[in-house]
Amino acid sequence: MTRESKGCKELFNEVIDAGLCTLCGACTGSCPYLVYYKGRIALLDNCTRIDEAQCYQYCPRTYIDMNGISQKVFGTQYGDNEIGTTTEEVLIVRSTDASVTEKAQYGGVVTTLLSLALGERLIEGALLTKTSDDKTPSPFLAQTAEDALQCAGSSYMACPILVRYNQIPKGNNSKLGIVAMPCQVLAVAKMKKDPPENRVSIGNVKLVIGLFCTWALSPNKFYQFLKENLALSEVKKFDIPPPPANRFEVFTASGKTSFPLEQIREFVMPTCAYCLDMTSEFADISVGSVEGTEGWNTVIIRTDAGADLMEKAKKRGKLQVDKLPSANLAHLKEAAQLKKKRALKEIVKRSGDEKNLLYISLSQNLAKKLLS
Ligand SMILES: Cc1cc2nc3c(=O)[nH]c(=O)nc-3n(C[C@H](O)[C@H](O)[C@H](O)COP(=O)(O)OP(=O)(O)OC[C@H]3O[C@@H](n4cnc5c(N)ncnc54)[C@H](O)[C@@H]3O)c2cc1C
Ligand code: SF4
Ligand code: SF4
């Protein structure tokens, strides 16, 4: 069977029923049959159009040609840098806006950059994740800085933001931003490499802010756990403090509740064990925490679009910026490399053959290095 003839039957066989779906949402909306429903991808009817197969094509768990994608997004082959091929600058950053830092997960860099980009019409909409009163995350199209502020903070449950991208009418020309997990950034990068014909133009996406990610929680299972253990309407924020804390923290109006991380890991999506990317390597800007320095973000600038936006934010006094200390950078690289090595070993364990890396295609040298 050729790659082009694969469709939703193969998507279910190879990805969804195989426990590899990341819930990115990229497969939905390109046809009437696939939808995101209650924390999973559901097939409403049997698909007969095996020629088009866009659901299969943009899935981040099918055909990831790292060199091809890197060439398209950055104009260069995929390298062996632990935190991504293109890293123009790696910085420690925080917002200067107290109304943002009060609500944000860490330094509020993501919300500040979005507010600036929306306020100055560099983008006209941003695909974000909004957490509702019952703490379930949903994709949300923010159009103002106030909308972006409402989305500040992290939901650690997977949220299929690309469902919302696929719902934008094809003829819409608005400039878009996306804030996404590494697996979702990968789906967007696949679209940049081979633009889909039946969706809004991927060229409209002018800014991709990628988050760091070690794992995300299954929305169904984790929501059930939260409901049984907490009064959800009182929850203000979730956090996973850096090691050696080993805790999942929930902040409420009346204080803080901690759960051992081991208990929470039970709800991690199985696919995260097969994920190589910790730092959203194909984003314009990647943002995470800074170990040991509360209230700040690590920021990796990867493209000119990312650098221009950061420069504007600095000039307007919106961000406090410094170079990431070398000890933090070394630690970040170590953690990112560990994720790659673990994931590749899991992939090989599953395939049973060092030459069969399932969905991913890497240079032989890099694969050998990661498997050593
Ligand atoms: C599932 C998950 C796992 C993470 N794991 C790590 C990690 O291992 N190490 C690390 O350093 N950082 C991790 N992060 C990133 C971290 O939590 C912060 O999002 C990041 O540091 C930005 O901080 P900020 O203060 O600038 O964010 P804010 O200004 O508060 O903005 C947060 C943004 O995150 C988006 N968002 C919230 N929940 C989700 C979601 N479920 N899916 C997609 N987008 C979402 C919102 O749209 C919002 O715009 C993780 C985030 C998530 C969602
Ligand atoms: S990973 Fe994304 S594209 Fe692939 S099956 Fe899951 S939701 Fe669909
Ligand atoms: S670990 Fe990978 S697959 Fe899992 S949510 Fe994060 S980026 Fe997606």
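Structure first, text after, so check above.
In what follows, the accompanying structure is described.

Definitions and cut-offs
Residues numbered from 1 in each chain as written. Chains lettered and ligands numbered in written order. Predicted model: local features only at pLDDT ≥ 70, side-chain atom pairs only at ≥ 80, totals over all residues. Heavy atoms only, no water. Pairing = 2+ DSSP bridges. Helix = DSSP H or I, 4+ residues; strand = E, 2+ residues; numbered from the N terminus. Axes fitted to C-alpha atoms, helices over the stretch in contact; angles between N-to-C directions. Parallel < 35°, antiparallel > 145°, perpendicular 65-115°, else oblique. Contact = heavy atoms within 4.5 Å. Nonpolar A, V, L, I, M, F, W, Y, C, P; charged D, E, K, R; others polar. Expected span 1.5 Å × (residues − 1). Buried < 20%, exposed > 50% of the residue type's maximum accessible area, 1.4 Å probe, protein only. Near = heavy atom within 4 Å. Polar contact = N/O pair within 3.5 Å; in protein donor to acceptor, adjacent residues only side chain to side chain. Right-handed = clockwise from strand over helix to strand, strands pointing away. Core = buried A, V, L, I, M, F, W, Y, C linked by side-chain atoms within 4.5 Å.

1. Here we look at the sheet that holds strand β10 (residues 247-252)
The strands that make up a sheet are held in pairs by hydrogen bonds between backbone atoms, and each pair lies either parallel or antiparallel. Within the open sheet, the 3 strands sit side by side as β9-β10-β11. Their pairing is antiparallel. Every other strand in the sheet has two partners, leaving β9 (235-239) and β11 (255-260) as the edge strands with one partner each. Adjacent strand axes in the sheet meet at a mean angle of 20°, parallel and antiparallel pairs treated alike. Sheet topology note: the β10/β11 ladder contains 6 bridges and is antiparallel. Bridge pairing in β11 links Phe 248 to Phe 259.

2. What to know about the sheet that holds strand β7 (residues 176-180)
Pairing is mixed in the open sheet, where 8 strands are placed in the order β6-β5-β7-β8-β12-β13-β4-β14. At either margin of the open sheet sits one strand with a lone partner, and together these are β6 (137-142) and β14 (319-323). Each strand of the sheet is rotated relative to its neighbour by a mean of 30°, with strand direction disregarded. Note that β7 and strand β8 (residues 205-211) share 5 bridges and pair parallel. In the strand pairing of β8, Val 179 is matched with Ile 209.

3. Describing the packing of helix α5 (residues 109-119) against helix α11 (residues 304-315)
One way to put it is that α5 packs onto α11 with a least axis distance of 10 Å and a crossing angle of 95°. As far as their axial angle goes, α11 and α5 are roughly perpendicular. Residues Leu 113, Leu 116 and Ala 117 of α5 lie in contact with α11, whose contacting residues are Leu 309, Met 310, Lys 312 and Ala 313. Class assignment of the residues belonging to the contact of α5 with α11 gives a composition of 6 nonpolar, no polar and 1 charged.

4. Quick word on helix α8 (residues 182-193)
Under the 1.5 Å per step criterion, the end-to-end length of α8 is 16 Å for 12 residues, consistent within 8% with the ideal 16 Å. Within α8, 10 of the 12 residues are buried, which leaves it mostly tucked inside the rest of the structure. Buried residues of α8: Pro 182, Cys 183, Gln 184, Val 185, Leu 186, Ala 187, Val 188, Ala 189, Lys 190 and Met 191, and no others. Against α2 (54-57), β3 (64-65), α3 (66-74), α7 (161-167), β7 and β8 lie the buried residues of α8.

5. Examining the site of ligand 1
Around ligand 1, 30 residues are found, and the nearest of them are Tyr 106, Thr 111, Gly 153, Ser 154 and Thr 214. The separation between an oxygen atom of ligand 1 and a polar side-chain atom of Thr 111 is 2.6 Å. Sorting the residues of the shell around ligand 1 by element identifies α5, β5 (125-131) and β12 (285-289) as the ones contributing at least two each. Examining the composition of the shell around ligand 1, we find that 4 residues originate from one element, α5, more than from any other. Of the residues contributing to the shell around ligand 1, the split by class is 18 nonpolar, 12 polar and no charged.

6. Topic: the pairing of β8
Burial analysis of β8 places 5 of its 7 residues in the buried class, the great majority of the element. Remark: the β7/α8/β8 crossover connection has right-handed handedness. Here β8 pairs with β12 via 3 bridges, running parallel. Looking at the pairing, Leu 211 lines up with Val 287 of β12.

7. As for the nonpolar core
Leu 217, Phe 248, Leu 344 and Leu 362 are the most contacted members of the largest nonpolar core, which has 82 residues in total. If one sorts the elements of this core by residue count, α8 sits on top with 6 residues. When neighbours within four sequence positions are excluded, Leu 217 is seen to be in contact with Tyr 156, Met 157, Ala 158, Phe 222, Phe 248, Ile 264, Phe 267, Val 268 and Met 269. Residues Cys 151, Ile 285, Val 299 and Met 310 belong to the second largest nonpolar core, which totals 27 residues.

8. Quick word on the environment of Gly 79
Here Gly 79 is to be found in the loop between α3 and β4 (89-95). Taking the C-alpha atoms as reference, Gly 79 lies 8.1 Å from Leu 366; in sequence the two are 287 residues apart. If we skip the residues at most four places from it in the chain, Gly 79 touches Thr 85 and Leu 366.

9. Here we look at unusual backbone geometry
Most peptide bonds are trans, and most residues other than glycine sit at a negative phi. Omega for the bond connecting Pro 243 with Pro 244 falls within 30 degrees of zero, at 10°, which places this linkage in the cis form. One non-glycine residue, Arg 121, adopts positive backbone phi at about 60°. Summarising the element assignment, Arg 121 is placed in the loop between α5 and β5. Exposure remark for Arg 121: the relative accessible area of 46% places this residue in the partly exposed category. Residues other than glycine seldom take positive phi values, yet Leu 358 does so here, at roughly 50°. Along the polypeptide, Leu 358 turns up in the loop between α12 (326-351) and β15 (360-361).

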